[in-house]
Amino acid sequence: MAFVPRVFSGIKPSGDLHLGNYLGAIKRFVPLQDTHQTIYCVVDMHAITVWQEPEDLRRWTYEIAAGYIAAGLDPTRSIIFNQSQVMEHAELSWIFNCVARMGWMERMTQFKDKAGENAEAVSLGLFAYPSLMAADILLYKSTGVPVGDDQKQHLELTRDIAKKFNHDFRRQTKALGYEADYFPITETLATGPAMRVKSLKDGARKMSKSDASDLSTIYMMDDADAIAKKIKRATTDPEPLPSEAAGLEGRAEAENLVGIYAALAGTSVVDVLTEFGGAGWGRFKPALSDLAVSVLAPIAGEMRRLVGDFTEMDRILRDGADRARAIAQPHMDEIRKIVGFVR
Ligand code: TYM
């Protein structure tokens, strides 16, 4: 059988889906369906590393799955499911907790950012989070992972865990017939504009689900008025747009809005500046609003329809979990043997 490369990615149900999730992740999940076996997960076990109201967790789980489908993922081609339905994620993450080193985890900048001054009081799960992420990916022996820029360090750690496991258990994996590495060294798929969408209010911060200011973030379910208002009030500088990409240097807010435009239009920053170079914000912002509404409104409409249909959503998630398990279980059977667990 021809080798089909496998892609895995996930989004945490810890808030409403936003434009950063769409441009950095979901939009790029869709075309991979044509070239890869694709597995897209709603990572509810990751979400609970910080407190989630159970009712919110459930609602956001459906919302993200609906967002996947509304944005163009086909549940018959991609495997779409929520993480907690496939127990093997937790099992492999425990094994990886015993492969990864404390020092590796301590270097994770996202942990440091999230824990802040309060590192002693955060959950143990938040610290071990990257090891669960490595388990998500390697459970399926995934070869590529599409993510936004903020996840790159976690993927480096995934590669470190894979390398150490491959090295530590070389004799056992060989005995099982594996001449080469047991786990693949997964590639990060993160290129193009808008890999790090910034807050609309502060070009130094990324757009995120947990931003306190509502004006910073465009949510996937925002209506046309909300989108237009947020773009109109986005922070900018007084200069017109440059004609070349080099002119965006040191202008984080301008760079962000141009990057968003390019990603939404499916073109490049260079093309956007060819069209808008010399234009002021009074011309660019309404054009960006119109484009954002034309792309996002149909997705939001479809999301609203899907989140209301629990029977259908449950069916899709259960079917996805069954198909995910069919890949995960034979791997896990081998991994238990490799590690030396008696069954
Ligand atoms: P999460 O839920 O924070 O974000 C989901 C995806 O959206 C991307 N993203 C962004 N991209 C561009 N600009 C932004 N402002 C922005 N904000 C978020 C993220 O890079 C990500 O691709 N740890 C992961 C979830 C996860 C995962 C995995 C991902 C768990 N297991 C295995 C890939 C593979 C996370 O918290 O993503």
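Throughout what follows, the structure given in this document is the object of discussion.

Criteria and thresholds
- Numbers given for residues are sequential positions, taken from 1 along each chain in its written order.
- Two thresholds apply to this predicted model, a pLDDT of at least 70 for residue-level local features and 80 or more for giving and counting side-chain atom pairs, whereas whole-chain, interface and lining totals are computed over all residues.
- As a rule here, side-chain values come from all non-hydrogen atoms in the structure, and water together with hydrogens is ignored.
- The secondary structure listing takes helices from DSSP runs of H or I that are at least 4 residues long and strands from runs of E that are at least 2 residues long, numbered from the N terminus.
- Throughout this description, a polar contact denotes any pair of N or O atoms lying within 3.5 Å of each other; where both atoms belong to protein, one of them has to be capable of donating a hydrogen while the other can accept it, and for residues adjacent in sequence the pair is counted only when both atoms sit in side chains.
- Throughout, a contact is declared for two residues whenever any of their heavy atoms are within 4.5 Å.
- Whenever Lys or Arg places a side-chain nitrogen within 4 Å of a carboxyl oxygen from Asp or Glu, that contact is recorded as a salt bridge.
- To sort residues, take the accessible area from a 1.4 Å probe on protein chains only and compare it with the maximum for the residue type: under 20% means buried, over 50% means exposed, and anything in between is partly exposed.
- In this count, Lys and Arg are taken as positive residues and Asp and Glu as negative ones, while His and the chain termini are left out.
- Angles run from 0 to 180 degrees between N-to-C directions of axes, and those axes are lines fitted to C-alpha atoms, restricted for helices to the stretch in contact.
- Orientation is classified from the angle alone, with under 35 degrees giving roughly parallel, over 145 giving roughly antiparallel, 65 to 115 giving roughly perpendicular, and any other angle giving oblique.
- For this scheme, ten residues count as nonpolar: Ala, Val, Leu, Ile, Met, Phe, Trp, Tyr, Cys and Pro. Four count as charged, namely Asp, Glu, Lys and Arg, and the remainder, Gly too, count as polar.
- Relevant arc is that of directions from the helix axis to the C-beta atoms, nothing else.

1. Topic: the side chain of Asn82
Phase 1: Within the fold, Asn82 resides in strand β3 (residues 79-82).
Phase 2: Here Asp44 takes part through its side chain, which lies 3.1 Å from a polar atom of the side chain of Asn82.
Phase 3: Side chain to side chain, Asn82 and Gln85 meet in a polar contact 2.9 Å long.
Phase 4: In this structure, Asn82 is in contact with Cys41, Val42, Asp44, Thr61 and Leu317, ignoring residues within four places of it in sequence.

2. Observations regarding the pattern of salt bridges
Phase 1: Inspection of the entire model under this criterion finds 17 salt bridges.
Phase 2: Here Arg59 makes a salt bridge to Asp56, at a shortest N to O gap of 3.3 Å. Separated by three residues within a single helix, Arg59 and Asp56 lie in helix α3 (residues 54-70), roughly one turn from each other.
Phase 3: Judged by relative accessible area, Arg59 falls into the partly exposed class, the value being 42%.
Phase 4: Glu91 is paired through a salt bridge with Arg336; the nearest N and O atoms lie 2.7 Å apart. Highlighted residues: Glu91 in helix α4 (residues 88-97) and Arg336 in helix α14 (residues 310-339), separated in sequence by 245 residues.
Phase 5: Taking relative accessible area as the criterion, Arg336 reaches 7% and is therefore assigned buried.
Phase 6: The structure contains a network of salt bridges with shared partners spanning Asp16, Asp56 and Arg59.

3. Re the side chain of Lys209
Phase 1: Here Lys209 shows up in the loop between β5 (187-189) and α10 (224-232).
Phase 2: No salt bridge is formed by the buried Lys209; its nearest oppositely charged neighbour, Asp150, is found at 8.0 Å.
Phase 3: Looking at Lys209, its side chain comes within polar contact range of the main-chain oxygen of Lys12, at 3.1 Å.
Phase 4: If we skip the residues at most four places from it in the chain, Lys209 touches Ile11, Lys12, Ser14, Gly15, Asp16, His18, Asn21 and Tyr219.

4. Remarks on the packing of helix α11 (residues 252-265) against helix α12 (residues 269-276)
Phase 1: In the contact formed by α11 and α12, the axes pass within 8 Å of each other and the chain directions differ by 105°. Classified by the angle their axes make, α11 and α12 are roughly perpendicular. Residues Val258, Gly259, Tyr261 and Ala262 of α11 form the contact with α12, whose participating residues are Val269, Val272, Leu273, Glu275 and Phe276.
Phase 2: Its residues assigned to classes, the contact of α11 with α12 shows seven nonpolar, one polar and one charged.

5. Observations concerning α4
Phase 1: Residues of α4 that are buried include every one of Glu88, His89, Leu92, Ser93, Ile95 and Phe96, and no others. Angular distribution of buried residues about the axis of α4 spans 155°; they occupy a single face of the element.
Phase 2: Check the buried side of α4 and you find it contacts β1 (6-11), α2 (44-47), β3, α7 (124-138), α8 (152-168) and α14.

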